[in-house]
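# Secondary and tertiary structure notes
So the chains spell out like this:
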Amino acid sequence: MSESGVSRPAWGAELSSLEAAEIIERMGSLGLPPERGIEYVTVGLDRLLSVLERYYLEPMAQGERGSAFKLIKGSFGAGKTHFLTCLRNLAWGRGFLTANVELSLQGCSFGDLASVYQALVQNLVTPPAKASDYEGRRGLGTILRAWAYAIEDPGAQRQWLRNLKLATMANHNFRLVAAHFMQSLWAEDEESAEQDELWLLGGTVKRLKLGSLTLTESICERNGSSMLTSLVQLLRLCGYPGIVALFDEADRVAAGGRREKKKLVDNLRQFVDMCGSGRLPGLFWALAVPPEFISQVVVDYPALQQRLHSPLPFSAVCPQAPTIDVTDSSLPPRQFFYQLGERILAVASRAWDWQPQRERQLENLRFLVEEYLTLNFDAGQRRNFVKQWIAVLTNEHLHGEGTTDIEALCRQDEGLGGEEEEFADF
């Protein structure tokens, strides 16, 4: 597939000047991938993304395969978050619900299945309805309400409830609450619906009244796995092909104590096995980690290490490989940075309604790439390159072309590439 294949917007029109300005602002100030329009600044990922689409998302959308787990590996600034954002957009193009979740020891920890479930349902998002939207509806309650309100025929409502009763569901109480929630919405009983919704979101409900039945079970570590499974089963029954769950920033988890690591690894092994066995049909689970997570955490747990090992790297030849290295670009570093710089130049020109002297700016780009690769940073530190190049273009636009001392700029930033920053990777 060509470099412009997978990475082009699936539902949008051409990039507007406002969207272009937002991309330049976000990337130039923080070095973060843009929320919208990421396809216009994506280079070198089409080979990996096309394999995921062909062997996973497309068959899952057609109901031809169950679930999958992939570990996304990359160092600081290597592009893990960028890759996950592109994967999210591919999933939206296939109609999947998505959820982007950041892991941490204090917040959502993979070692706590209850917090994983809560984070997942809170961050569930439907595909955008139009190109100008950043995302669709957010949150399980909002998604289910919108779906229920769209079914006005009483006969269709009764048929769906019958289908729910007959469907395979890992957690029986989840089935009961989901059915009662829908019935409450269709009966316009908002008080009952709100209690049901709180339970489905993983909130604390000590005693939940479902007509003559009273439930005392809520989401907890013991039932977290079955609740997650039931969630996917419910959403597929609502017509969605499934969920693409994107968990990021597990580097902070690697800094935890042995007890936290052991719990995390146990749960991770459980989910790898569940995805491999097809017990979570319609779930694509991606977990982004730095190399240290594998070398300092996974290495101490042979059972998980064996599961995540593959004799061949992830590719069209070996799409089964559980680990994807985002630094494994289809382009060599020099060509990668040059193509990325060209794309950023095109976006900046659109953002500022600027008609630069193209040859002069390409010469600036060539000079920056050479300086970057030989003087400043490791080739994996893409964020720094992006910020430097946008700084060059900003100066050229505001103060005149040919006025930027690129060598001085590179020397000023020398040594920043090894810092562990507190925000997401580009």
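The model shown is predicted, which means the values in this text are computed figures rather than measured ones. (Residues numbered from 1 in each chain as written. Predicted model: local features only at pLDDT ≥ 70, side-chain atom pairs only at ≥ 80, totals over all residues. Heavy atoms only, no water.)

## Quick look at the sheet that holds strand 3 (residues 124-125)
Sheets are built from strands paired through backbone hydrogen bonds, the pairs being either parallel or antiparallel. Strand order in the open sheet formed by six strands is 3-2-6-7-1-8, with mixed pairing between adjacent strands. Of all strands in the sheet, those bounded by a partner on one side alone are strand 3 and strand 8 (323-325). Against the sheet, helix 4 (residues 113-123) touches strand 2 (97-102), strand 3, strand 6 (243-248) and strand 7 (283-289), its axis set at about 130° to strand 2. Packed onto the sheet, helix 10 (residues 258-277) meets strand 1 (68-73) and strand 7 and runs at close to 130° relative to strand 1. (Pairing = 2+ DSSP bridges. Helix = DSSP H or I, 4+ residues; strand = E, 2+ residues; numbered from the N terminus. Contact = heavy atoms within 4.5 Å. Axes fitted to C-alpha atoms, helices over the stretch in contact; angles between N-to-C directions.)

## Overview of the pairing of strand 7
Regular strands show a simple pattern: their side chains alternate between the two faces of the sheet. Burial within strand 7 is extensive, with seven of its seven residues counted as buried. Side chains L283, W285, L287 and V289 of strand 7 all project onto a buried face; the interleaved residues F284, A286 and A288 project onto the opposite face, where all are buried too. Examined bridge by bridge, strand 1 and strand 7 share six bridges and lie parallel to one another. Its bridge partner being in strand 7, I72 is matched across the sheet by A288. Across five bridges, strand 6 lies against strand 7 in parallel orientation. Among the inter-strand pairings, A245 is bridged to a residue of strand 7, identified as W285. (Buried < 20%, exposed > 50% of the residue type's maximum accessible area, 1.4 Å probe, protein only.)

## Considerations on the pairing of strand 1
Burial of strand 1 is extensive: five of the six residues sit out of reach of the surface. Pairing geometry for strand 1 and strand 8, over three bridges, is parallel. Each residue of the ladder has a partner; that of I72, found in strand 8, is I324.

## Looking at the packing of aromatic side chains
Aromatic ring pairs are defined here through the distance separating the ring centres and the angle between the ring planes. Tallying each qualifying case throughout the model produces ten aromatic pairs. Pairing Y56 with F284 gives two aromatic rings, centres 5.9 Å apart and planes at 75°, and the pair type is edge-to-face. Here the residue Y56 occupies a position in helix 2 (residues 46-61), and F284 occupies one in strand 7, the gap between them amounting to 228 residues. A relative accessible area of 5% means that Y56 is categorised as buried. Taking relative accessible area as the criterion, F284 reaches 1% and is therefore assigned buried. Ring centres 4.9 Å apart and planes at 20° place the aromatic pair F247 and W285 in the stacked group. Linking F247 in strand 6 with W285 in strand 7, this pair joins segments that are 38 residues apart in sequence. Residue F247 is classed as buried on the basis of its relative accessible area of 0%. Aromatic rings pair up to connect F336, F337, Y372 and F385 into one cluster. (Phe/Tyr/Trp six-rings, centres within 6.5 Å; stacked < 30°, edge-to-face > 60°.)

## Digging into the packing of helix 6 (residues 154-166) against helix 7 (residues 172-186)
Two numbers describe how helix 6 lies on helix 7: the axes approach to 10 Å, and their chain directions differ by 175°. What the angle tells us is that helix 6 and helix 7 run roughly antiparallel. Facing Q157, W160, L161, L164, K165 and L166 of helix 6, the residues of helix 7 in contact are R175, A178, A179, M182, Q183 and W186. Residue composition of the contact of helix 6 with helix 7, grouped by class: eight nonpolar, two polar and two charged. (Parallel < 35°, antiparallel > 145°, perpendicular 65-115°, else oblique. Nonpolar A, V, L, I, M, F, W, Y, C, P; charged D, E, K, R; others polar.)

## Comments concerning the pattern of salt bridges
Summed over the entire model, instances satisfying the criterion amount to 13 salt bridges. A salt bridge links E19 to R36, with the shortest nitrogen-to-oxygen separation between them at 3.7 Å. Of the two residues, E19 is situated in helix 1 (residues 17-29) and R36 in the loop between helix 1 and helix 2; the sequence distance between them amounts to 17 residues. Each of the two residues, E19 as well as R36, counts as buried. Two residues, R366 and E363, come together in a salt bridge whose shortest N-O distance is 3.1 Å. Placement of the pair is R366 and E363 together in helix 14 (residues 358-376), with a separation of three residues, close to one helical turn. Here R366 falls in the partly exposed class, since its relative accessible area comes to 34%. Here E363 falls in the partly exposed class, since its relative accessible area comes to 42%. The network of salt bridges with common partners includes E19, E22 and R36. (Salt bridge = Lys/Arg side-chain N within 4 Å of Asp/Glu carboxyl O.)

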